[in-house]
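Results of the structural survey
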Amino acid sequence: MIYGIIFGANSYEHEISIVSAVVLKKVLKEQKKFIFCDEKKDFYLIDENKMNAKTFSSGMYKKEKQLILKQGGFFVKNILSEKKLEVDVMINIIHGKDGEDGKISALFDFYGIKYIGPRLEASVISFNKFFTKLYAKSVGVKTLDYKVLSLQNENNEVSFPCILKPARLGSSIGISIVKNEEEFKYAKDVAYEFDDEIVVEQFISNIKEYNLAGCMINDEFCFSVIEEPKKNEILDFEQKYLGFSESNKINEANLDDNLKKKLKESFTKIYNPLFKGALIRCDFFVIDDEVYLNEINPNPGSLANYLFDDFTNTLNQLAHYIDLEKQIKIDYKFLHSINGQKGKM
């Protein structure tokens, strides 16, 4: 199996995507080809030996072979010709805009490329926290009560303490806990730097949080272990990513069988059928033994490899059942019938 790992792009989470790709270099025990999308949306084939922070921070990636994307896959540009990059399945590890909002998914579907990752509709729903809540409700999964603030139509009536989140951003960027009006005004300014819509939820101190990843393989669910992440007030950017590149396995949370079942049932409702073809991670809250969806991570950091006992085998099985989007045969029967009539069009 040859995997093509696409990462980077024009996103606030650009650097986290690079870290994810470097982690997959270490933990995915298959042949890999690394395709970097820079902030200008140009594609580069990065030699595996050069998959390190300096290659990107210094701009040295621009010396690597440039790729073009067209029908059937990526192609290496030569002086007089183009050579197709041999890849069996792409892995979308672009975080945030361009990768999780549906752009790359749409391109891969349009150009007939097999890939592991959320499809267009799943991307759109999971990228926007407001849409995610509406979707969760529609499939019978609870979420915390919320309201949406907007630069165009702002309603500032909120109860404290609360938490503010940019509607279309991950990696805990732009998130603030506020306990009074003064903090609220500052937190709004911070969030609006990243998005013109903000989701506001009640802040519940010491809330129990659990992460569960998984995918559907040949109509059977494959679940990871359930993690209880260590955090302070919230799981902030530093706690998520300072040790991110270590990619160490974690110990399963100490939960009774009933709660494990509830978490897996909620995951199943979220995943099937919208997220088929993707390996996702859902982050849940538990209050009074009831499960609430916090967020969906359609391209989780380092593809949540640390939650699986055998990550490479899980990915290989998922890749085996990836299908291309069904193509419609165009036969022009209608236009031919018009041409055969008097007074042709």
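Now for a description of the structure that goes with this document. Computed from a predicted structure; not experimentally measured.

What counts and how
Residues numbered from 1 in each chain as written. Predicted model: local features only at pLDDT ≥ 70, side-chain atom pairs only at ≥ 80, totals over all residues. Heavy atoms only, no water. Axes fitted to C-alpha atoms, helices over the stretch in contact; angles between N-to-C directions. Helix = DSSP H or I, 4+ residues; strand = E, 2+ residues; numbered from the N terminus. Parallel < 35°, antiparallel > 145°, perpendicular 65-115°, else oblique. Contact = heavy atoms within 4.5 Å. 1 Å grid on protein atoms, 1.4 Å probe; cavity = no way out; pocket = protein on both sides within 12 Å on 5 of 7 lines; lining within 4 Å. Points joined across faces, edges and corners; volume = space filled by probe spheres on them. Nonpolar A, V, L, I, M, F, W, Y, C, P; charged D, E, K, R; others polar. Pairing = 2+ DSSP bridges. Buried < 20%, exposed > 50% of the residue type's maximum accessible area, 1.4 Å probe, protein only. Phe/Tyr/Trp six-rings, centres within 6.5 Å; stacked < 30°, edge-to-face > 60°. Lys NZ or Arg CZ within 6 Å of the ring centre and 35° of its normal.

Looking now at the packing of helix α4 (residues 120-127) against helix α5 (residues 129-138). At their nearest, the axes of α4 and α5 sit 5 Å apart, and the two run at 110 degrees to each other. As far as their axial angle goes, α5 and α4 are roughly perpendicular. From α4, Val124, Ile125, Ser126 and Phe127 reach across to α5, where they touch Lys129, Phe131, Thr132 and Tyr135.

Bringing empty space enclosed by the protein into the picture now. In total, this model carries 2 cavities of 30 Å³ or more according to the counting rule given. When its volume is computed, the second largest cavity comes out at roughly 60 Å³. Taken together, Lys129, Thr132, Lys133, Lys165, Val199, Glu201, Asn294 and Glu295 make up the full set of residues lining the second largest cavity. For the lining of the second largest cavity, the elements supplying multiple residues, two or more each, are α5, β13 (197-202) and β17 (290-297). Examining the composition of the lining of the second largest cavity, we find that 3 residues originate from one element, α5, more than from any other. Class assignment of the residues belonging to the lining of the second largest cavity gives a composition of 1 nonpolar, 2 polar and 5 charged.

Take the sheet that holds strand β10 (residues 146-150) next. Through backbone hydrogen bonds, the strands of a sheet pair up, either in parallel or in antiparallel fashion. Across the sheet, which stays open at both edges, the 4 strands sit in the order β10-β13-β11-β12 with antiparallel pairing between neighbours. The two strands at the open ends of the sheet, each matched to only one other strand, are β10 and β12 (176-178). Each neighbouring strand pair of the sheet contributes to a mean axis angle of 30 degrees, computed without reference to strand direction. Running over the sheet, helix α6 (residues 181-192) touches β10, β11 (162-166), β12 and β13 and is turned about 160 degrees from β12.

Moving on, we come to the environment of Ala9. Relative to the assigned elements, Ala9 resides in the loop between β1 (2-8) and α1 (14-27). Residue classification places Ala9 among the buried positions, given a relative accessible area of 1%. When sequence neighbours within four positions are dropped, the list of residues in contact with Ala9 reads His14, Cys37, Asp38, Glu39, Ile94, Lys97 and Asp98.

Attention shifts here to the packing of aromatic side chains. Tallied over the full model, the rule gives 22 aromatic pairs. Aromatic side chains Phe221 and Phe267 sit 6.4 Å apart centroid to centroid with 85 degrees between the ring planes, which places their arrangement in the edge-to-face category. In this pair, Phe221 is assigned in strand β15 (residues 220-227) and Phe267 in helix α8 (residues 257-271), connecting sequence segments 46 residues apart. Ring centres of Phe308 and Phe311 lie 6.4 Å apart, and the angle between their planes is 50 degrees; this geometry places the pair in the tilted category. We classify Phe308 as buried; its relative accessible area is 3%. Overall, Phe311 belongs to the buried group, its relative accessible area being 5%. The positively charged end of Lys70 is found above the aromatic ring belonging to Phe75, 4.8 Å away from the centroid.

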